[in-house]
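Reading the structure
So you can see what is in the structure, the chains are spelled out below.
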Amino acid sequence: MQQTLPFELHAGHATEEPAATAPEFVRHPRARRYVVRVRADGTVRVTIPRWGSKREAAAFAEEQRPWIDRHIARLRIQRNRQASEQLSDGQRQTLRARAKRELPLRLLALAESFGLRVSRVTVRNQQSRWGSCSPGGHICLNWRLVAMPDWIRDYVIVHELMHLKQLNHSRKFWKLVAAACPEYQAARAWLREYQQL
Ligand SMILES: [Zn+2]
């Protein structure tokens, strides 16, 4: 069963996240209303109209929090992807070598924690998927996972490991994934977002 990765290659190194900082408040005489902006670096600015107050601006920012958080999450994903597209050949090689060392170790450690046996692990230069698991228990992982945030990498590994028990995407399969990786839905949303950028 495959987890697909639609078009281009992705291999970023930017897994560090922009910090969620307190908003910056700026009074603007010509502003007609409160406005929240998220800048490219993840900082948040709230514009206060002439008639407004900082207290109201803060309350407004708080109301907009879900939108702000979604926007910042999107920026983080975008960064990861941009970094991946700007890799030099040398960086790519280094990262691939690291993937070959690290990904199988991580997979085996997770397999052991779930009491699963994997017949073979291969790290590949897959263009169109994050991972796959064959009926014989041979798991392939995309080397680019080494540059993804740890929890995304772990979700993909757990997904493939659970295929050792259920080689399909049935309800039963997703239950296994949910039990093994409680944040799997957020991880899937992350991957979807990544692919859409
Ligand atoms: Zn699958």
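What counts, and where the lines are drawn
- Residues numbered from 1 in each chain as written.
- Predicted model: local features only at pLDDT ≥ 70, side-chain atom pairs only at ≥ 80, totals over all residues.
- Helix = DSSP H or I, 4+ residues; strand = E, 2+ residues; numbered from the N terminus.
- Buried ≥ 20, exposed ≤ 12 C-beta atoms within 10 Å, placed from the backbone.
- Contact = placed C-beta atoms within 7 Å.
- pLDDT = per-residue confidence, 0-100.
- Core = buried A, V, L, I, M, F, W, Y, C linked by C-beta atoms within 7 Å.
- Axes fitted to C-alpha atoms, helices over the stretch in contact; angles between N-to-C directions.
- Parallel < 35°, antiparallel > 145°, perpendicular 65-115°, else oblique.
- Expected span 1.5 Å × (residues − 1).
- Pairing = 2+ DSSP bridges.

**Observations regarding the overall build of the chain**
Scanning the chain from terminus to terminus reveals six helices and seven strands. Of the regular secondary structure in the chain, the N- to C-terminal order runs β-β-β-β-α-α-α-β-β-β-α-α-α. Evaluated residue by residue, the chain yields a buried proportion of 27% over its 197 residues. Taking as baseline every contact in the chain between residues at least 6 positions apart, the subset at least 24 positions apart corresponds to 56%.

**Observations regarding the confidence of the model for the chain**
Should pLDDT be low for a region, the predicted coordinates there are not to be read in detail. Of the residues in the chain, 89% have a pLDDT of 70 or more, and the chain-wide mean is 88. Contacts for the low-pLDDT stretch residues 4-16, under 50 throughout, to residues beyond four places or in other chains number 35 contacts.

**With respect to the environment of Pro 135**
Along the chain, Pro 135 turns up in the loop between strand S6 (129-133) and strand S7 (138-142). A count of 9 C-beta atoms within 10 Å places Pro 135 in the exposed class. A C-alpha to C-alpha distance of 7.0 Å links Pro 135 and Leu 167, two positions 32 residues apart in sequence.

**Comments concerning the nonpolar core**
Core analysis: the biggest nonpolar cluster contains 28 residues, and Leu 103, Leu 141, Leu 145 and Val 158 have the highest contact counts within it. If you list the elements that add at least two residues to this core, you get helix H3 (89-113), strand S5 (120-124), S6, S7, helix H4 (150-162), helix H5 (171-180) and helix H6 (184-196). With sequence-adjacent residues up to four places away left out, Val 158 is seen in contact with Leu 110, Val 177, Ala 180 and Cys 181. Of all hydrophobic cores here, the second largest spans seven residues; its members include Tyr 34, Val 44, Ile 48 and Ala 57.

**Considering the packing of H4 against H6**
Contact geometry of H4 with H6 gives a least axis separation of 10 Å together with a crossing angle of 105°. Our classification of the angle between H4 and H6 gives roughly perpendicular. Contacts from Trp 151, Ile 152 and Tyr 155 in H4 reach Tyr 184, Ala 187, Trp 190 and Leu 191 in H6.

**Some thoughts on H4**
Given 3.6 residues per turn, any residue in an α-helix points the same way as the ones three and four places further on. Here H4 contains 13 residues, and its C-alpha end-to-end distance of 18 Å stays within 8% of the 18 Å for a straight helix at 1.5 Å per residue. Counted residue by residue, H4 has 11 buried out of 13 residues, so it is predominantly covered. Within H4 the residues assigned to the buried category are Ile 152, Arg 153, Asp 154, Tyr 155, Val 156, Ile 157, Val 158, His 159, Glu 160, Leu 161 and Met 162.

**Details of the sheet that holds strand S2 (residues 24-28)**
Spatial strand order, S2-S4-S3: three strands in an open sheet with mixed pairing. Each of the sheet's edge strands pairs with one partner strand only, and the pair in question is S2 and strand S3 (35-38). Sheet twist, expressed as the average angle between the axes of neighbouring strands with direction ignored, equals 25°. Direction of pairing for S2 relative to strand S4 (residues 44-49): parallel, over a ladder of five bridges. Across the sheet, His 28 pairs through a bridge with Pro 49, a residue of S4. Sheet strands touched by helix H1 (residues 54-63): S2, S3 and S4. Its angle to S4, the strand with the most contacts, is close to 135°.

**Focus: the pairing of S3**
Where S3 lies against S4, four bridges are found, and the strand directions are antiparallel. The partner of Arg 37 across the bridge, within S4, is Arg 45.

**Considering the environment of Gly 136**
Here Gly 136 is to be found in the loop between S6 and S7. Remark: the alpha-carbon pair of Gly 136 and Arg 120, spanning 16 residues in sequence, is separated by 8.9 Å.

**Structural notes on the environment of His 71**
Mapped onto the secondary structure, His 71 falls in helix H2 (residues 65-85). For His 71, a count of 15 C-beta atoms within 10 Å gives the class partly exposed. Counting along the chain gives 33 residues from His 71 to Val 38, while the straight-line C-alpha distance between them is 7.2 Å.

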